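Coordinate inspection notes
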Amino acid sequence: MKSLITVSLISLYITVSAQIKPVLPDTKMDKFVTGLLNKMTIDEKIGQLNLLTGGEATTGSVVSSDVEAKIKAGNVGGIFSMSSPARIRKAQEIAVSQTRLKIPILFGMDVIHGYKTMFPIPLGLSCTWNMKLIERSARIAATEASADGLNWTFSPMVDISRDPRWGRVSEGSGEDPYLGSQIAMAMVKGYQGDDLSKNNTIMACVKHFALYGAGEAGRDYNTVDMSRVRMYNEYLPPYKAAVDAGVGSVMTSFNEIDGIPATANKWLFTDLLRKQWGFKGMVVTDYTAINEMIDHGMGDLQQVSALALKAGVDMDMVGEGFLTTLNKSLQQGKITQKQIDDACRKVLEAKYKLGLFNDPYRYCSEERAANEIYTESNRRTAREIAAESFVLLKNDRNVLPIKKSGTIALVGPLANNRANMPGTWSVSADFSKPISVREGLESAVGNNARILYARGSNLTEDSLLEQRATMFGKSLGRDNRSDEALLNEALNIASQSDVIVAALGEAAEMTGESASRTDIGIPDVQRKLLGALLKTGKPVVLVLFAGRPMTLAWEQQHVPAILNVWFPGSEAGTAIADVLFGDVNPSGKLTTTFPQNVGQIPLYYNHKNTGRPLADGQWFQKFRSNFLDVSNDPVYPFGFGLSYTSFSYSDISLSSSSFKPGEKITAFVTVTNSGNRTGKEVVQMYIRDMVGSITRPVKELKGFQKIELKAGESQKVTFTISADDLKFYNSDLKFVAEPGDFKIFIGTNSRDVKEADFKLL
Ligand code: BGC
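Residues numbered from 1 in each chain as written. Predicted model: local features only at pLDDT ≥ 70, side-chain atom pairs only at ≥ 80, totals over all residues. Heavy atoms only, no water.

**Quick look at empty space enclosed by the protein**
- All chains considered together, the criterion is met by four cavities of 30 Å³ or more.
- Considered as a void within the structure, the largest cavity measures approximately 140 Å³ in volume.
- Taken together, 19 residues line the largest cavity, and the ones lying closest to its centre are Pro122, Pro156, Met157, Ser173 and Ile183.
- Of all the secondary structure elements, the ones that give two or more residues to the lining of the largest cavity are helix 6 (122–126) and helix 8 (177–192).
- Take the lining of the largest cavity: its biggest share by element is four residues, from helix 8.
- For the lining of the largest cavity, the per-class residue count stands at 12 nonpolar, five polar and two charged. (1 Å grid on protein atoms, 1.4 Å probe; cavity = no way out; pocket = protein on both sides within 12 Å on 5 of 7 lines; lining within 4 Å. Points joined across faces, edges and corners; volume = space filled by probe spheres on them. Helix = DSSP H or I, 4+ residues; strand = E, 2+ residues; numbered from the N terminus. Nonpolar A, V, L, I, M, F, W, Y, C, P; charged D, E, K, R; others polar.)

**Remarks on the domain arrangement of the chain**
- If you check the domain split of the chain, you get domain 1 (27–111 + 315–373), domain 2 (374–580) and domain 3 (645–760).
- For domain 1 and domain 3, the distance between their C-alpha centres works out to 47 Å. (Domains from an automatic or database assignment.)

**Some words on the packing of aromatic side chains**
- Across all of its chains, the model carries 24 aromatic pairs by this definition.
- Seen in terms of ring centroids, Phe209 and Phe269 are 5.5 Å apart; in terms of plane orientation they differ by 75°. Their pairing is edge-to-face. Here Phe209 is found in strand 6 (residues 205–209), whereas its partner Phe269 is found in helix 11 (residues 266–276), with 60 residues between them in sequence.
- On the accessibility criterion, Phe209 (1% relative accessible area) is buried.
- Since its relative accessible area comes to 0%, Phe269 is described here as buried.
- Pairing Tyr605 with Phe638 gives two aromatic rings, centres 4.4 Å apart and planes at 15°, and the pair type is stacked. Residue Tyr605 is located in the loop between helix 23 (572–580) and strand 18 (647–649), and its partner Phe638 is located in the loop between helix 23 and strand 18; the two are separated by 33 residues in the primary sequence. Taken individually, Tyr605 and Phe638 each receive the classification buried, so the pair is uniform in this respect. (Phe/Tyr/Trp six-rings, centres within 6.5 Å; stacked < 30°, edge-to-face > 60°. Buried < 20%, exposed > 50% of the residue type's maximum accessible area, 1.4 Å probe, protein only.)

**Brief notes about the sheet that holds strand 14 (residues 449–454)**
- Strand order in this open sheet of six strands is 12-17-16-15-13-14, and the pairing throughout is mixed. Single-partner strands in this sheet number two, and they are strand 12 (391–395) and strand 14. Looking at each pair of strands side by side, their axes are set apart by 20° on average, direction ignored.
- With four bridges connecting them, strand 12 and strand 17 (residues 561–564) associate as antiparallel partners. Residue pairing for strand 17: Leu392 is matched across the bridge by Leu563.
- Across the sheet, helix 21 (residues 524–535) touches strand 13 (406–411), strand 15 (499–505) and strand 16 (540–545), and the angle it forms with strand 15 is around 165°. (Pairing = 2+ DSSP bridges. Axes fitted to C-alpha atoms, helices over the stretch in contact; angles between N-to-C directions. Contact = heavy atoms within 4.5 Å.)

**Here's the deal with the site of the ligand**
- Around the ligand, the structure places 14 residues, and the nearest of them are Thr59, Asp110, Arg168, His208 and Asp286.
- Interatomic distance of 2.7 Å between a side-chain N/O atom of Arg168 and an oxygen atom of the ligand.
- Measuring from an oxygen atom of the ligand, one finds a side-chain N or O atom of Lys207 at 2.8 Å.
- In isolation the ligand exposes 310 Å². Once the protein is present, 100% of that is buried.
- Most atoms of the ligand, that is more than half of them, are within 2 Å of grid points of the second largest cavity.
- Classifying every residue of the shell around the ligand by side-chain character gives seven nonpolar, two polar and five charged. (Near = heavy atom within 4 Å. Polar contact = N/O pair within 3.5 Å; in protein donor to acceptor, adjacent residues only side chain to side chain. Areas by Shrake-Rupley, 256 points an atom, 1.4 Å probe, with all protein chains shown as cover. Sits in = over half its atoms within 2 Å of the grid points.)

**Some points on the sheet that holds strand 6**
- Strand order in the open sheet formed by three strands is 6-7-10, and the pairing between neighbours is parallel. Two strands bound the open sheet, and with one partner strand each, they are strand 6 and strand 10 (282–284). Neighbour-to-neighbour, the strand axes of the sheet open up by a mean angle of 25°, direction not taken into account.
- Where strand 7 (residues 249–252) and strand 10 come together, three bridges link them in parallel fashion. Its bridge partner lying in strand 10, Val250 is registered against Val283.

**Here we look at helix 23**
- In terms of residue burial, helix 23 counts as a mostly covered element, since nine of its nine residues are buried.
- Turning to helix 23, its buried residues number three or more, namely Ala572, Gly573, Thr574, Ala575, Ile576, Ala577, Asp578, Val579 and Leu580.
- Elements that come into contact with the buried residues of helix 23 comprise helix 17 (376–389), helix 18 (437–445), strand 15, strand 16 and strand 17.
- Just downstream of helix 23 lies Gly582, where phi reads positive at about 85°.

Here's what the structure looks like:
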């Protein structure tokens, strides 16, 4: 019996505390940086606070100009979106040979889910619930990026979101703070390793601090307004976990908090991040976030730049508010020299930790770039991780796995496309390389089966919407034939086949930044295609591409098999073939709730009970908290995902039904693989605090283990619970465990669970 990950609560705490290194002042670094600061003029210090873009990928209307001249003038602390050892070496050479103090530059990039070898989008990665694999993906990304000259990534993105309309749900790890925290730690560890100065580790940047995922209506960059209790308990834990894991930098978010844009929020950066959490690294703004405070209504560029510096921001991304106004603000007494020194110190310290003062070219090795990027071994790992991220949502009468024989009709606008396979935020990927579904299936079946392909439909009926959803080189090559002609072609091949595989859903850029949607279903023409394919009476497998939870009530009712593949990355086609043909048994579990319709949003498993909850098994009761027209249930709950085998759970056994603070109890279940093939299962443990000094969620994930069982095999899965696991932030924002009654739930998803009771004395 093999336990793939053992994240019992106890081991979790050991891991966390092992990762929190005692904060001892690094006297050598301190001496070096202080010495350097003493030599610097004010303008040289301000220059260090300036982060420019090399222009390989930009997300705003303002872009950096005259980068070379600015480096020479000592006006550049870092550059992002520039890659290759040759280009980076050239820019670094200017900095270290043509400026007075020869201070090297930081080189960053949005390495979000892989560098050249692309892994699934972060939301997909999170559905593996496999921390070892997630850490490995970040390790490989860091190795590849550093081989190409980079030393800093703007990842992990840990924004909790409960709003699938928000396009950036795709970049995060879903709706749960506990799971989000585990993933944040795994990513930071993967990127940074145990020594930032090694040439294959890079500095991570946790983002977007804070609460960016809670924008109103899921509209990007929108207003956030939230109580402190909710922040502390539900939204802040993953950022804090990244800080505890030693993340080197933090990025500000675009939204406001308590009426003050995050980028100027002193409470957030100085009181919470630095004083309460003890963060010692560097704070960088998001893209032109300082300048955007003019539109937020916080003042002119000089004023908002001063506000950001005073809040605790160290580096200004692209907007050059710091570069152009801080000196003036200093002369006018609006900021202090110490504030500039403190910010500059953080930037210099980051460079010191990365080893750049010892060797500014340590990340520039043509040889490494030639040998360590997009290797066979990295691609093999990408294939394994992709297959493990897929979530089997439905599989009636075991339509899946399909056989490698007979005739398979492959249909859909995403079936024969490479560029969309990596998904959003894949700025460093080569879009000609990913394996399409068609290629993956064809190479898997060889001569044993016939694969007939037809596009079947475009992405959407509306060509302008399709244009907006296929930006950044991720075209789907719109077919100008009529919808009817496309459909008829598909029906024709469907009629000749034994099974239909429909590769439908969202295009890569239908999620990600500035890609919010109010309708989160499968787009119009594709839904019509699916309906027509179902009418043929042939078995239909929906291979769903999605960067967010989608509304799938109709599909759940009508389509016999649904495999959600998110955006799988470089090895999309091979990994999809692995799972469709049963060479890999799917084991992904959802990390977000899938609502029935947009009107239910926000819908999340760890909600409060309210004073008028529905009675069990009811979906409407007058004067209870519900809707007239739809039940409160999701289509798929958090934690849900099927397998080609089945698992049964025994009742929960507790070592004791009560314990005192300082003591522990254990809970175990026996999980049995009751089907007929080997499979992996994510055993999930939730807790409910029945009575609290503030209202408590109906369930909170507090532990999970991913196990692998052979057919017929059983395993005892044990969780350890201590008072620490029962702690929450009370209305005084004190982190406390309150004595009283608790329920523990263990099961295969957040809905289908066994339960037992215990007391904290
Ligand atoms: C995004 C960040 C990203 C930055 C740099 C911004 O628009 O919000 O997540 O790291 O651009 O590319």
